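Fold and geometry: a report
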Amino acid sequence: MKRTDYISWDEYFMGIAMFSAQRSKDSNTQVGACIVNRDNKIVAVGYNGMPTGCSDDEMPWERSADSPLDTKYPFVCHAELNAILNSNIGNLSGCTVYVTLFPCNECAKAIIQSGIKRVVYYDNKYAETDSTKASCLLFSKCGVAFEQYRPSGKNVVLSL
């Protein structure tokens, strides 16, 4: 007899995104992303971190400083962008991205430009920021569906 208590695709892929987030060296915010195609095949993963070639030990990780150049913000690549750039296929058209934090407006633009058509996010802790509001507007205008991840409750243990 076949098992019936297995996890859903959304639970599986969000789990991969959460696992990927654990690679981040950021002491404040760890974000992971997993991109899947229409056949439920993983085509890319990513997490937030410094660009390739930049030593994690030599770059700033602070959230605030006297100069913006002494913070992480001008340097860190977000999980969604890393996943898009890490893709093992040439065309992400019609794909879904699972991400642990709702995308900022810059990542929203990259998601749209890459052809991704669905965003499933775990948390939207910056919902009231202009960046997130811009992302929602961009997604809505460009036909990208977005929804918050909802666990089924079937023995799934996912947490950030």
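Before going into details, it helps to say that this report is about the structure given with it. In this convention, every chain numbers its residues from 1, walking through the sequence in written order. Only residues with pLDDT of at least 70 are given local features in this predicted model, and only at 80 or more are side-chain atom pairs given and counted; all residues enter the totals for whole chains, interfaces and linings. Side-chain measures here rest on the full set of heavy atoms in the structure, leaving out hydrogens and waters.

1. Observations concerning the pattern of salt bridges
We define a salt bridge as a contact between a side-chain nitrogen of Lys or Arg and a carboxyl oxygen of Asp or Glu at a distance within 4 Å. The tally for this structure, following the rule as stated, stands at seven salt bridges. Between aspartate 5 and arginine 3 there is a salt bridge, with its nearest N and O atoms 2.8 Å apart. Only protein chains enter the calculation, and the probe is 1.4 Å; a residue is then buried if its accessible area is under 20% of its type maximum, exposed if over 50%, and partly exposed in between. Looking at aspartate 5, the relative accessible area reads 36%, which means it is partly exposed. The partner of aspartate 56 in a salt bridge is lysine 25, with the nearest N and O atoms 3.2 Å apart. Pair noted here: aspartate 56 is in the loop between strand E2 (42-47) and helix H2 (79-85) and lysine 25 is in the loop between helix H1 (9-21) and strand E1 (32-36), with a separation of 31 residues, a long-range link. Residue classification places aspartate 56 among the partly exposed residues on the basis of a relative accessible area of 27%. Residues participating in the shared-partner salt-bridge network are Asp10, Arg118 and Glu147. Secondary structure is summarised from DSSP: a helix means a run of H or I of at least four residues, a strand means a run of E of at least two, and numbering begins at the N terminus for each.

2. What to know about the sheet that holds strand E5 (residues 145-148)
Strand pairing in a sheet relies on backbone hydrogen bonds. The paired strands run either parallel or antiparallel. Reading across from one edge, E2-E1-E3-E4-E5 is the order of the five strands in this open sheet, with mixed pairing throughout. At either end of the open sheet lies a strand with only one pairing partner, and these are E2 and E5. Direction aside, the axes of adjacent strands within the sheet are offset by 15° on average. Strands pair, by our definition, only if DSSP identifies at least two bridges between them. As judged from the four bridges shared by E1 and strand E3 (residues 96-101), these two strands associate in the antiparallel manner. By the bridge assignment, alanine 33 is partnered in E3 with valine 99. By the convention used here, residues are in contact when the closest approach between their heavy atoms is within 4.5 Å. Lines fitted to C-alpha atoms define the axes here, with helix axes fitted over just the stretch in contact, and angles between the N-to-C directions of these axes take values from 0 to 180 degrees. Across the face of the sheet, H1 comes into contact with E1, E2, E3, strand E4 (118-123) and E5 while running at roughly 140° to E1.

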